[in-house]
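An overview of the molecular structure
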Amino acid sequence: MAAKARSAPRAGFFGQGFKPSPAMGGIAADLALERRTSQPIDFITTNGRSAA
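This write-up is about the structure you can find in this document. This is a predicted model, so every value here is computed, not measured.

**Let's talk about the overall build of the chain**
- When you go through the chain residue by residue, the secondary structure sums to one helix and zero strands.
- Looking at the chain as a whole, 12% of its 52 residues qualify as buried.
- Of the roughly 4900 Å² that the chain leaves accessible, carbon and sulfur atoms contribute 57%.

Set out below in structure tokens:
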């Protein structure tokens, strides 16, 4: 049985966001592959944002 393709798109990593981008990449990989991460992600939210 073929595995379903998963993706974890990320955006906005420039300027001050440049430093944490490797950690965010690890979190995105965890979420895409395992659907969970051991890293704290409570601060990440899309509340108050609208689609472009």
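**Overview of the side chain of threonine 37**
- Here threonine 37 shows up in the segment after helix H1 (21–34).
- Within the local environment of threonine 37, its side chain forms a polar contact with the side chain of aspartate 30, the two groups lying 2.9 Å apart.
- One polar contact links the side chain of threonine 37 to the main-chain amide nitrogen of glutamine 39, over a distance of 3.3 Å.
- The contact partners of threonine 37, leaving out residues within four places of it in the chain, are Ile27, Asp30 and Leu31.

**Points about unusual backbone geometry**
- Positive phi, close to 60 degrees, is recorded for arginine 35, a residue that is not glycine.
- Mapped onto the fold, arginine 35 is located in the segment after H1.
- Exposure remark for arginine 35: the relative accessible area of 58% places this residue in the exposed category.

**A word on H1**
- Over its 14 residues, H1 extends 19 Å from the first C-alpha to the last, a length consistent with the 20 Å expected when each residue adds 1.5 Å.
- Looking at H1, one finds that the buried residues are Met24, Ile27, Ala28 and Ala32. What you see down the axis of H1 is that its buried residues fit within an arc of 130 degrees, all on one side. Of the exposed residues in H1, the ones pointing more than 90 degrees away from its buried face are Pro22 and Leu33.
- With its phi angle positive at about 60 degrees, arginine 35 sits one or two positions after the end of H1.

Conventions used here
- Residues numbered from 1 in each chain as written.
- Predicted model: local features only at pLDDT ≥ 70, side-chain atom pairs only at ≥ 80, totals over all residues.
- Heavy atoms only, no water.
- Helix = DSSP H or I, 4+ residues; strand = E, 2+ residues; numbered from the N terminus.
- Buried < 20%, exposed > 50% of the residue type's maximum accessible area, 1.4 Å probe, protein only.
- Areas by Shrake-Rupley, 256 points an atom, 1.4 Å probe, with all protein chains shown as cover.
- Polar contact = N/O pair within 3.5 Å; in protein donor to acceptor, adjacent residues only side chain to side chain.
- Contact = heavy atoms within 4.5 Å.
- Expected span 1.5 Å × (residues − 1).
- Arc of directions from axis to C-beta.

These figures come from the coordinates and say nothing about function on their own.
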